[in-house]
Amino acid sequence: MKKIRFHFLPPIAFLSLFFFAFSSCNYHIDVYEKTVTIPKYEWQYNLVPAFQFNISDTSAQYNIYIALRHTDAYNYNNICLNVGMQPPGDTIRYQKVDLPLGNDATGWEGTGMDDIWEVRKLITSGPVKFKKAGEYKFTAAQVMRENPLKNVMNVGIRVEKVD
C-alpha cells in the first residue's frame, strides 16, 4: 500500500499568497448586504422590504446598490422602485429609481444561470458620504403598473465602502 503525502505551504509562502490575494490599490469593503425573498415570486405593492445598517465612518465614501433577482419570464426590460432612505433621527426621504434590466437586442443584464438572472445596480450617481453616524434605514417598493409584479425572486440593498 502506497502512502499519500500531503505537502503544506511554508508559513512565509502562505502569508505571501494571502497578502497577494487580498491586497489591491482600489477595493471595496462590504458594509452591508441583505436580500429579501419575494413570496411566490409575486411582488405586491404592500410588500416593502426594509434594510437597516450602521454607519460609523462619515468621512468615507460609499456605493449603494439595489440587488435584484428575477426569472427569464419577467415581462419588462426595467423595474421602477420607490427607494426610501432614513438617516438617524430624521424622516424618511423617497427617490424613484428606474433600473434597466435588459433590452430586446442584447437580452438580460447581469449574471444568469438557466432561467434566473441577477443584477446589481448602483442607485446613486457615484460614491456618497453619509452625513451622520448611526443606523440608516432603506426601503424598496415596486411601483410598476402590474400588481403583483410577477417573476421577481429577491430584492436587496448592498452598501460598499470605497477606499
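Preceding this paragraph is the structure being described.
Participant: Account for the pattern of salt bridges, with residues named and values stated.
Facilitator: Between side chains of opposite charge, pairing is possible as soon as their charged atoms come close. Evaluation of the coordinates by the stated rule reveals 7 salt bridges. Across the salt bridge formed by Asp 90 and Arg 93, the nearest N and O atoms sit 3.0 Å from each other. Given a relative accessible area of 26%, Asp 90 falls into the partly exposed group. In this structure, Lys 121 and Glu 109 form a salt bridge, with 2.3 Å as the shortest nitrogen-oxygen distance. Of this pair, Lys 121 sits in strand S10 (residues 116-122) while Glu 109 sits in the loop between strand S8 (107-108) and strand S9 (111-113), placing them 12 residues apart in sequence. Through salt bridges that share partners, Glu 33, Arg 120, Arg 158 and Glu 160 make up one connected network.

Participant: Break down the sheet that holds strand S6 (residues 93-100) for me, with residues and values.
Facilitator: Spatial ordering of the open sheet is given by S3-S11-S5-S6, a layout of 4 strands whose pairing is antiparallel. Two strands lie at the open edges of the sheet, namely strand S3 (50-55) and S6, each paired on one side alone. Averaged over neighbouring strand pairs, the angle between their axes works out to 25 degrees when direction is ignored. Pairing between S3 and strand S11 (residues 134-142): 6 bridges, direction antiparallel. Residue pairing in the sheet places Gln 52 in a bridge with Lys 137 of S11.

Participant: So, the layout of surface pockets: which residues are in play, and what are the values?
Facilitator: Taken as a whole, the largest pocket spans an internal volume of roughly 370 Å³. What lines the largest pocket is a set of 18 residues, and nearest its centre among them are Ile 64, Met 85, Val 128, Phe 130 and Phe 138. Of all the secondary-structure elements, those providing two or more residues to the lining of the largest pocket are strand S5 (78-86), S6 and S11.

Participant: Go over the nonpolar core, please, and point to the residues and values.
Facilitator: With 32 residues, the main nonpolar core has Trp 43, Ile 79 and Phe 130 as its most contacted residues. Broken down by secondary-structure element, the contributors of at least two residues to this core are S3, strand S4 (61-71), S5, S6, S11 and strand S13 (152-162).

Participant: Can you explain the packing of aromatic side chains? Please cite residues and give values.
Facilitator: Taken as a whole and assessed by the stated rule, the structure comprises 8 aromatic pairs. Plain terms: the ring middles of Tyr 74 and Trp 108 are 6.2 Å apart, the flat faces sit at 55 degrees to each other, and that makes the pair tilted. Taken as a pair, Tyr 74 in the loop between S4 and S5 and Trp 108 in strand S8 lie far apart in primary sequence, 34 residues in all. Accessibility classification places Tyr 74 together with Trp 108 in one group, the buried group. An aromatic cluster of three or more residues is present, and its members are Tyr 32, Phe 53, Tyr 62, Phe 130, Tyr 136 and Phe 138.

Participant: Any chance you could break down the pairing of S10 for me, citing the residues and the numbers?
Facilitator: Strand residues, when the strand is regular, have side chains that alternate between the two faces of the sheet. Two elements, S4 and S10, share 7 bridges in a ladder whose sense is antiparallel. Counterpart to Ala 67 in the pairing with S10 is Arg 120. Where S9 lies against S10, 3 bridges are found, and the strand directions are antiparallel. The residue of S10 that forms the bridge with Thr 111 is Glu 118. The hairpin formed by S9 and S10 contains 2 residues between the paired strands, and Asp 114 there has a positive phi angle of roughly 55 degrees.

Rules used in this analysis
- Each chain has its residues counted from 1, running along the sequence as written.
- Note on the predicted model: pLDDT of at least 70 is required for a residue's local features to be given, and 80 or more for side-chain atom pairs to be given and counted; whole-chain, interface and lining totals, by contrast, use all residues.
- Side-chain figures throughout are based on the complete set of non-hydrogen atoms in the structure, without hydrogens or water.
- The working definition used for a salt bridge is a side-chain nitrogen of Lys or Arg within 4 Å of a carboxyl oxygen of Asp or Glu.
- Exposure categories follow from relative accessible area, calculated using a 1.4 Å probe and restricted to protein chains: below 20% of the type maximum is buried, above 50% is exposed, and the middle band is partly exposed.
- Note on conventions: DSSP H or I runs of at least 4 residues are helices, E runs of at least 2 residues are strands, and numbering of each starts at the N terminus.
- When DSSP locates at least two bridges between a pair of strands, those strands are taken to pair.
- Orientation is described by lines fitted to C-alpha atoms, with helices fitted over the stretch in contact, and by angles between N-to-C directions that extend from 0 to 180 degrees.
- For each structure, a 1 Å grid was placed over the protein atoms alone; sets of points admitting a 1.4 Å probe that cannot get out are labelled cavities, open sets with protein on both sides within 12 Å along at least five of seven lines are labelled pockets, and lining residues have an atom within 4 Å of a point.
- Grid points are joined across faces, edges and corners, and a volume is the space filled by probe spheres set on the points.
- Note on terminology: a nonpolar core comprises buried Ala, Val, Leu, Ile, Met, Phe, Trp, Tyr and Cys residues joined through side-chain atoms within 4.5 Å.
- The pairing test for Phe, Tyr and Trp rings, Trp by its six-membered ring, is centres within 6.5 Å, and the orientation test on the planes gives stacked under 30 degrees, edge-to-face over 60, and tilted for anything in between.

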